[in-house]
Amino acid sequence: MEDVIIESVMWNSDDDPEDEDDDEASFDDLVDMGALMGDMDFARTTSLTYLPANYPPEKANQVFFGLYRLLKAREEYVPELAMEYALYKLIMHHVAAIDLINGELMDGMFDSLFEDLLDEEMRETIRDGEFSTIVRISDPYRRTVFDAALELVKNDSDLPEDKWNDAAEDMIMMYEDMRNYKETCFWDTDFLFLDQMSEDELRDSEINEEMGILTPKHDNVIEFPMKDRDGKEVTVKATVDIKPWDLEND
């Protein structure tokens, strides 16, 4: 699932939307999310890997699967703070894994596996000597982004004209490098406050009062008209936690 989420935030304009839907459908068919939602072993692993140390493990699956559903949704939604944290950790985890593999490549760890176990694409990568954190924007979309970046450089830069193209290219490369996703994927890093305090503590803190990071918590209460054993009409109230991205039809 980590790879599926990572691919959702990468530049993937080359993909055919119909193919992408097929891939997602296949993934959903293969993974029983309903069963995993209540799997505490999975929750503890998810919490340890992607969430703050003080985050309740029993809520980890809801955050992780919610992030997946949000990224897969057709409409755009504002993610919850814990989801932003999980996405940030997931991206950094992916970058760290690439750095680890590159370090092992330099040490020759994969030499004995080269001929027998690796496919041709992997062999070419090893011959090149490095895995990259750069995900290039595919053409013709890259040209569109370059033109927009060039316009920004022209209007907002004091650079001489002969430096405009290089500056626009540098701007695009910053967005293409996963190492910069912390700056390019998120509008702020308020989610890092979760390393210092829980969501409830943050909601009640002076920091939140000044910055408006979290809104007051409101329970979603649904009332059900029913009848008791004597036939008297009564109202039963239930608190539900339904997210807007969960209401979309698959």
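Residues numbered from 1 in each chain as written. Predicted model: local features only at pLDDT ≥ 70, side-chain atom pairs only at ≥ 80, totals over all residues. Heavy atoms only, no water.

Caption draft 1: Molecular detail of the packing of aromatic side chains. For the structure shown, the criterion picks out 8 aromatic pairs. Ring centres 5.2 Å apart and planes at 10 degrees place the aromatic pair Tyr50 and Phe64 in the stacked group. With Tyr50 in helix 4 (residues 40–50) and Phe64 in helix 5 (residues 60–72), the pair connects residues that are 14 residues apart, well separated along the chain. Taking relative accessible area as the criterion, Tyr50 reaches 9% and is therefore assigned buried. (Phe/Tyr/Trp six-rings, centres within 6.5 Å; stacked < 30°, edge-to-face > 60°. Helix = DSSP H or I, 4+ residues; strand = E, 2+ residues; numbered from the N terminus. Buried < 20%, exposed > 50% of the residue type's maximum accessible area, 1.4 Å probe, protein only.)

Caption draft 2: Local environment of the packing of helix 4 against helix 5. With their axes 8 Å apart at the nearest point, helix 4 and helix 5 run at an angle of 70 degrees to one another. Judged by the inter-axis angle, helix 4 sits roughly perpendicular to helix 5. For the pair formed by helix 4 and helix 5, the contact residues are Phe42, Ala43, Thr46, Ser47 and Tyr50 on the first element and Ala60, Asn61, Phe64 and Phe65 on the second. (Axes fitted to C-alpha atoms, helices over the stretch in contact; angles between N-to-C directions. Parallel < 35°, antiparallel > 145°, perpendicular 65-115°, else oblique. Contact = heavy atoms within 4.5 Å.)

Caption draft 3: Quick look at the nonpolar core. With 32 residues, the main nonpolar core has Val63, Leu81 and Leu202 as its most contacted residues. When contributions to this core are tallied by element, the ones reaching two or more residues are helix 4, helix 5 and helix 6 (81–106). At 10 residues, the largest contribution of residues to this core is made by helix 6. Beyond its immediate stretch of four places on either side in the chain, Val63 contacts Leu51, Tyr55, Ala82, Met83 and Ala86. Formed by 9 residues, the second largest nonpolar core is a distinct cluster that contains Val153, Trp164, Ala167 and Ala168. (Core = buried A, V, L, I, M, F, W, Y, C linked by side-chain atoms within 4.5 Å.)

Caption draft 4: Focus on the pattern of salt bridges. As enumerated under the stated definition, the model contains 6 salt bridges in all. Glu176 is the salt-bridge partner of Arg142, the closest N and O atoms lying 2.8 Å from each other. Of the two residues, Arg142 is situated in helix 8 (residues 141–156) and Glu176 in helix 9 (residues 164–176); the sequence distance between them amounts to 34 residues. Judged on exposure class, the residue Arg142 and its partner Glu176 are both buried. With a shortest N-O distance of 3.1 Å, Asp147 and Arg143 are connected by a salt bridge. (Salt bridge = Lys/Arg side-chain N within 4 Å of Asp/Glu carboxyl O.)

These figures capture arrangement, not role.
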